[in-house]
Amino acid sequence: MSWLEKLLPPKIQQTDPKDRRTVPEGLWIKCPACETVLYKTDLQQNQNVCPTCSHHHRIGARARLNFFLDNEGRYEIGQEVLPVDALKFKDSRKYPERLKEAMENTGETDALVVMGGSVMGIGLVVACFEFEFMGGSMGSVVGERFARGVQSAIEQKVPFICFTATGGARMQEGLLSLMQMAKTNASLTHLAKKGLPFISVLTDPTMGGVSAGFAFLGDVVIAEPKALIGFAGPRVIESTVRVKLPEGFQRAEFLQTKGAVDLICDRRELRATIANTLAILTRQSADAVG
C-alpha cells in the first residue's frame, strides 16, 4: 500500500477510469472568433454562422444548397460524371487513394455539386463547391459538371449561380485541371450571349485557378464576410516579395474597397438577396420573390 492510499479516507473509493462517464465528442464547437462554446446542432440550424459574433464557419455543399434552394423541384445535374486517374499520378500517395478517402469522408463523388431548382419561386441552376473534398480543388469532373450546369441553365433560360469554396486547381490532374479554367469560362461566354445572368458567390476560401478564372466573371459578385479570396495566399506573397501586406489583405472587405467585389452579404440573408437581385436582372415582378 502506497503512502497516498493510506491518506485517503476509507469511504472514498477509487473508480476505474474506463467506467467514468464521458461527454460524447462533436457536440460542442468553440467559435474561433469570439471563443463562445456553441451547441453544434444550434450552429448548423443557423447555417453555420455564430449567433454571438456572426463569424461564418465553413459549410458543406449539400447543407448550403438545402438552405438556399426551395424545397420543391430540386434535381441534380452531372452526378454521373466521376473522376479518373488519367495521368496515373502519385505523390506521397496514389491519386485513387486520395479520391477514395475524400469520397468516404464527404459522401460526395467530387468537389462540385450542381442542382437545378428555384429560389423564392425564381428558377435557376446552382453549382456549389465542397471544400472538404480535396480542398474543393477543380479537376476534370468539376469543370464538366460546371459546364453541364451552365448548359442546363441555357436550355431552360434561367440564371446560373455558383458558390465557390476552393483551393484552386487539382495538382493530381496536371494540365487537365488547368484546362478547366478555359472550359468553364467558355461556357459562361455562351450563357452571357443568351442574356442570362451569372451570380458568383465567393466564400472562404476562394483561391488559385478558380479565383483567376470564373469567380470574378459574375454579373454580380457577392462575398461572405471575411472570406479569404485571392490567387496565392498571403504568406506565399509575403515570403516571395518580402513586403508586409496591409491588414485584412485578400479578405472580402479589402476586395470590396478595391472594387473587386460588388457586395458583402451575411449567409443568412443570401437567399433573399440573390432572389431580389435575380428578379431585377430577369425583369420579373416583385411578387415572384415574395
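Above this text you will find the structure in question.
Just so we're clear, the structure is a prediction, and the values are computed from it rather than from any experiment. (Residues numbered from 1 in each chain as written. Predicted model: local features only at pLDDT ≥ 70, side-chain atom pairs only at ≥ 80, totals over all residues. Heavy atoms only, no water.)

Draft legend 1. Layout of a nonpolar patch on the surface. A cluster of nonpolar side chains, namely Leu87, Leu175, Leu176, Leu178 and Met179, defines an oily patch on the protein surface of about 470 Å² accessible area. Relative to the assigned elements, Leu87 resides in the loop between β3 (75-77) and α4 (95-106). Of the residues examined, Leu87 reaches a relative accessible area of 45% and is grouped as partly exposed. (Patch = residues over 30% accessible without salt bridge, like charges linked within 9 Å, V, L, I, M, F, W, Y side chains within 5 Å. Areas by Shrake-Rupley, 256 points an atom, 1.4 Å probe, with all protein chains shown as cover. Salt bridge = Lys/Arg side-chain N within 4 Å of Asp/Glu carboxyl O. Helix = DSSP H or I, 4+ residues; strand = E, 2+ residues; numbered from the N terminus. Buried < 20%, exposed > 50% of the residue type's maximum accessible area, 1.4 Å probe, protein only.)

Draft legend 2. Layout of the pairing of strand β8 (residues 220-223). Alternating positions in β8 separate into two faces, Val220 and Ile222 on one and Val221 and Ala223 on the other, with burial throughout. Bridge count between strand β7 (residues 198-206) and β8: four bridges; the pairing is parallel. By the bridge assignment for β8, Leu202 is matched with Ala223. Pairing of β8 with strand β9 (residues 263-264) involves two bridges; the strand directions are parallel. The residue of β9 that forms the bridge with Ala223 is Ile264. (Pairing = 2+ DSSP bridges.)

Draft legend 3. Layout of the sheet that holds β3. Overall, mixed pairing links the seven strands, which are arranged β3-β4-β5-β6-β7-β8-β9 in an open sheet. This sheet does not close on itself; its edge strands, each paired only once, are β3 and β9. Sheet topology note: the strand β5 (residues 122-129)/strand β6 (residues 160-166) ladder contains four bridges and is parallel. Opposite Val125, over in β6, you have Phe160 as the bridge partner. In the packing of helix α5 (residues 140-156) onto the sheet, the strands contacted are β3, β4 (112-119), β5 and β6, and the crossing angle to β4 comes to about 20°. (Contact = heavy atoms within 4.5 Å. Axes fitted to C-alpha atoms, helices over the stretch in contact; angles between N-to-C directions.)

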